[in-house]
Structures are given as C-alpha cells and as structure tokens.
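The residues making up each chain are set out below.
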Amino acid sequence: MSSPAIAAVTAAGIAHDVVRHGPVSSVAEAAAVHQVEVRDLVKTLVVRRAASDYLFVLVPGDRVISWPKLRALLGVNRLSMPDAATAKDVTGYERGTITPFGASTAWPVIADERTRGRFVALGAGERGVALRVGADAAVEALRGTFADVTDEA
C-alpha cells in the first residue's frame with residue numbers, strides 16, 4: 001500500500017527507500033532503525049507565517065528550530081506553530097507523520113543547511129513508515145531552499 005507521500009516521492013523520480021518499523025522509544029533508536037545518524041533523522045515542522053500561510057521546515061534530529069534565524073530569513077516579526085488539529089488540516093498528515101511529500105498543500109520548504117549533501121530519513125505520512133532520501137534531491141524536487149535555521153538541541 002502506498003501513502004500519498006510515497007506516491008509523491010516516486011512520481012518526483014527521487015531515489016528513495018521506504019522503511020517500515022514498529023514503535024521506537026528514543027531518537028537514537030529511531031535513527032538506528034532508519035540506518036542514519038541522529039542528525040539525519042529529519043523532523044518536518046509546520047510553521048504558521050500568517051493566517052492561512054504556512055511553510056515546512058526540515059530540522060535535523062539533533063537540532064531545534066531557531067526562531068530568530070527563521071524570522072530574519074522570512075523577514076517577519078512573528079511565527080508560530082499550529083496546534084495538532086490545524087497541522088493536520090493544512091497538511092493532511094498527523095503530527096509525527098508530517099512530510100512535504102504528498103501534503104494536501106504544497107507549502108514552501110526550508111531545509112536546515114546541515115542536511116545538504118546528506119542521506120536523511122523523513123516522515124512518510126503514516127506512523128511507523130519513513131522515507132530515506134538524498135536531502136539535495138528532495139529539496140530540489142520540493143522547490144525548497146537550504147538555510148541556517150536551527151540551533152543545537
């Protein structure tokens with residue numbers, strides 16, 4: 001069975017692996033299951049810029065979003081994260097499964113520059129499933145950009 005995310009990454013022609021797994025209890029365990037370093041376990045965060053205006057931020061597993069850096073990059077004074085119900089409404093995915101691939105709206109994508117040149121694991125739109133992809137190919141297919149938007153966790 002193919003999720004919208006798997007279908008989208010396949011349609012984009014991006015080389016990828018689909019990893020299906022059971023529950024994990026830590027970031028380190030998740031990275032091991034996906035056969036990547038913790039920094040290559042990438043979280044897709046939904047950020048609200050304004051009413052009905054969102055973007056996806058791809059954050060390495062060992063880092064956190066830097067709100068000052070992201071605000072400066074976007075030229076805004078205020079950003080927020082939507083609640084779980086709103087995130088699902090604007091992406092089509094539940095938190096913990098969110099990915100830009102196959103989302104209900106193709107919001108802009110900003111990937112932290114530390115993912116550039118890496119092979120990363122992203123959510124695949126359903127629990128216990130991930131996509132392993134080259135970050136450069138994924139960001140290019142998503143028409144995203146790389147920028148310094150995180151700090152150490």
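Here, the structure is the one placed above.
1. Quick look at the overall build of the protein
Counting secondary structure elements, the protein contains five helices and nine strands. For the protein, the α and β elements follow one another from N to C terminus as α-β-α-β-β-β-α-α-β-β-β-α-β-β. In terms of overall dimensions, the protein is globule-like: its C-alpha atoms have a radius of gyration of 14 Å, near the 15 Å expected for 153 residues. Taken along its principal axes, the extent of the C-alpha atoms in the protein is 40 × 30 × 30 Å.

2. Re the pattern of salt bridges
Tallied over the entire structure, the rule returns twelve salt bridges. Here aspartate 151 makes a salt bridge to lysine 69, at a shortest N to O gap of 3.1 Å. With aspartate 151 in strand β9 (residues 150-152) and lysine 69 in helix α3 (residues 67-74), the pair connects residues that are 82 residues apart, well separated along the chain. Classification of aspartate 151 by relative accessible area gives partly exposed; the value is 31%. Using a relative accessible area of 28% as the deciding quantity, one classes lysine 69 as partly exposed. Connected through shared salt-bridge partners, Lys69, Asp112, Arg114, Asp148 and Asp151 make up one network.

3. Notes on empty space enclosed by the protein
By the definition in use, this model includes one cavity of 30 Å³ or more. Put simply, the largest cavity is a space of about 40 Å³. Only β6 (119-123) and α5 (135-141) provide two or more residues apiece to the lining of the largest cavity. Here the lining of the largest cavity gets three residues from one element, more than from any other, and that element is α5. Among the residues making up the lining of the largest cavity, the classes are represented as eight nonpolar, one polar and no charged.

4. Some details on the pairing of strand β7 (residues 129-134)
Counted residue by residue, β7 has five buried out of six residues, so it is predominantly covered. By the bridge criterion, five bridges tie strand β1 (residues 16-20) to β7 in an arrangement that is antiparallel. Among the inter-strand pairings, valine 19 is bridged to a residue of β7, identified as alanine 130. As defined by bridge partners, β6 adjoins β7 across five bridges and the pair is classed as antiparallel. Bridging from a neighbouring strand, glycine 123 pairs with alanine 130 of β7. Connecting β6 to the next strand, β7, in antiparallel fashion are five residues, including glycine 125 with a positive phi near 90 degrees.

5. Considering the sheet that holds strand β3 (residues 53-60)
In spatial order, the strands read β2-β3-β5-β8; together these four strands make up an open sheet with mixed pairing. For this open sheet the edge positions go to β2 (42-50) and β8 (145-147), each flanked by a neighbour on one side alone. The average undirected angle you get between the axes of adjacent strands in this sheet is 30 degrees. Where strand β5 (residues 109-112) lies against β8, three bridges are found, and the strand directions are parallel. Counted as the bridge partner of aspartate 112 is alanine 147 from β8.

What counts and how
Residues numbered from 1 in each chain as written. Predicted model: local features only at pLDDT ≥ 70, side-chain atom pairs only at ≥ 80, totals over all residues. Heavy atoms only, no water. Helix = DSSP H or I, 4+ residues; strand = E, 2+ residues; numbered from the N terminus. Rg over C-alpha atoms; globule rule 2.2 N^0.38 Å. Salt bridge = Lys/Arg side-chain N within 4 Å of Asp/Glu carboxyl O. Buried < 20%, exposed > 50% of the residue type's maximum accessible area, 1.4 Å probe, protein only. 1 Å grid on protein atoms, 1.4 Å probe; cavity = no way out; pocket = protein on both sides within 12 Å on 5 of 7 lines; lining within 4 Å. Points joined across faces, edges and corners; volume = space filled by probe spheres on them. Nonpolar A, V, L, I, M, F, W, Y, C, P; charged D, E, K, R; others polar. Pairing = 2+ DSSP bridges. Axes fitted to C-alpha atoms, helices over the stretch in contact; angles between N-to-C directions.

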